[in-house]
Amino acid sequence: MRKILLPLLLLCSVLTLSAQHPKDIMKEPISLGMFQVTYAFHFPALDLRTDYGVSNTIGGSFSYKTASNWLLTANGNFIFGNRVKGDRISIFGEAITTVDGEVIGGGGNVVNFSINQRGFHFQAETGKLFSLGPNPNCGIFVQAGLGYLMNRIHIDFEHETYNTPYVVYKDYQYGYDRMRGGPAAHLELGYLYLSDSRLTNVAAALEMTYARTRHLREYDFRVFDGIPVGYTDPDLRFNHLYIGIRLTWIIPTYQRQPDEFYYN
């Protein structure tokens, strides 16, 4: 991990230093680095709709804009949602659930738990900014990139300290979480607003992320009609598509231009 993080930090530092440009952002295009905090709301499509509903992502990124308005971006996003499709019997199978789809804990009582979507998405992107707005560093941008995406079902038993269902606890969850992952392609179209202030720098974009995923768990513990699902198919592929809106708050690295005063 250090072999990857150290070169990335060094690259960000070099780009940040090179972005300390004497030019005025309000008058001409400049090169600059941008640290970004993002939130996105997504609708599922293709095979993703079988397991999940709408989801959210939060993440961070570093983007570098050249003086000719080309964009280079690296980002990472955490995926989360509380809309997992199917009842508890379809998620856990029939072997460990009651006829009502409940799970009995180690204390002999019905377990209270939540079922959510979790995942992550890392990618590198490149794109172009087309100046439009109050200064040459604002405008419509298009970006595309490649990365890796993973999603799974997360089962939360945090309130069941004394009634833990050991059949689906800790490592046993891995047999029910349907973890899938694979290479992903990303496309976004949005608007970037940069000003001579560190607080009012934002972006908004429409985006699509397509991932070609496969099973990341070797075995599925679920049982239906007395027959276990068993080993997953290593050759089976899924088409996952996220469509949504992304909002970004930007911390730029350029220096604010001083106010101009004239004296006679």
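Above this text sits the structure in question.
Predicted model only: the values in this text are computed from it and were never measured.

Enquirer: Give me the lowdown on the overall build of the protein chain, citing residues and values where you can.
Expert: On a plain count of helices and strands, the protein chain comes out with three helices and 10 strands. Secondary structure elements in the protein chain, listed N-terminal to C-terminal, are α-β-α-β-β-α-β-β-β-β-β-β-β. Within the span of the protein chain, comprising 264 residues, buried residues form 46% of the whole. Long-range pairs, those at least 24 residues apart, make up 73% of the contacts in the protein chain with a sequence separation of at least 6.

Enquirer: Kindly report on the packing of aromatic side chains, identifying the contributing residues and their values.
Expert: Within this structure, the stated rule accounts for 10 aromatic pairs. Members of the aromatic cluster, joined through ring pairs, are Phe92, Phe113, Tyr176, Tyr219, Phe221 and Tyr231. The side chain of Arg180 reaches across the aromatic face of Phe238, ending 3.8 Å from its centre. Across the ring face of Tyr174, the terminal group of Arg217 is positioned such that the distance to the ring centre comes to 4.2 Å.

Enquirer: So, the side chain of Glu188: which residues are in play, and what are the values?
Expert: Looking at the element boundaries, Glu188 is found in strand 6 (residues 180-193). One buried charge, Glu188, has no salt-bridge partner; the nearest side chain with opposite charge is Arg246, at 5.3 Å.

Enquirer: Quick one: what's the story with the pattern of salt bridges, residue by residue and with numbers?
Expert: Under the criterion given, the structure shown has six salt bridges. Ionic pairing is found between Asp51 and Arg180, a salt bridge with its closest N-O pair at 2.9 Å. Highlighted residues: Asp51 in helix 2 (residues 48-51) and Arg180 in strand 6, separated in sequence by 129 residues. Of the residues examined, Arg180 reaches a relative accessible area of 10% and is grouped as buried. Across the pair Arg246 and Glu207 runs a salt bridge whose closest N-O atoms are separated by 2.9 Å. Separated by 39 residues along the polypeptide, Arg246 in strand 10 (residues 238-252) and Glu207 in strand 7 (residues 202-215) bring together distant segments of the chain. The burial state of Arg246 is the same as that of Glu207; both residues are buried.

Enquirer: Before we move on, could you go through the sheet that holds strand 10 and cite the residues and values that matter?
Expert: Pairing is antiparallel around the closed barrel formed by eight strands, whose spatial order is 1-2-3-4-5-6-7-10. Taking each pair of neighbouring strands and ignoring which way they run, the sheet shows an average axis angle of 25°.

Cut-offs used in this document
- Residues numbered from 1 in each chain as written.
- Predicted model: local features only at pLDDT ≥ 70, side-chain atom pairs only at ≥ 80, totals over all residues.
- Heavy atoms only, no water.
- Helix = DSSP H or I, 4+ residues; strand = E, 2+ residues; numbered from the N terminus.
- Buried < 20%, exposed > 50% of the residue type's maximum accessible area, 1.4 Å probe, protein only.
- Contact = heavy atoms within 4.5 Å.
- Phe/Tyr/Trp six-rings, centres within 6.5 Å; stacked < 30°, edge-to-face > 60°.
- Lys NZ or Arg CZ within 6 Å of the ring centre and 35° of its normal.
- Lys, Arg positive; Asp, Glu negative; His and termini not counted.
- Salt bridge = Lys/Arg side-chain N within 4 Å of Asp/Glu carboxyl O.
- Pairing = 2+ DSSP bridges.
- Axes fitted to C-alpha atoms, helices over the stretch in contact; angles between N-to-C directions.

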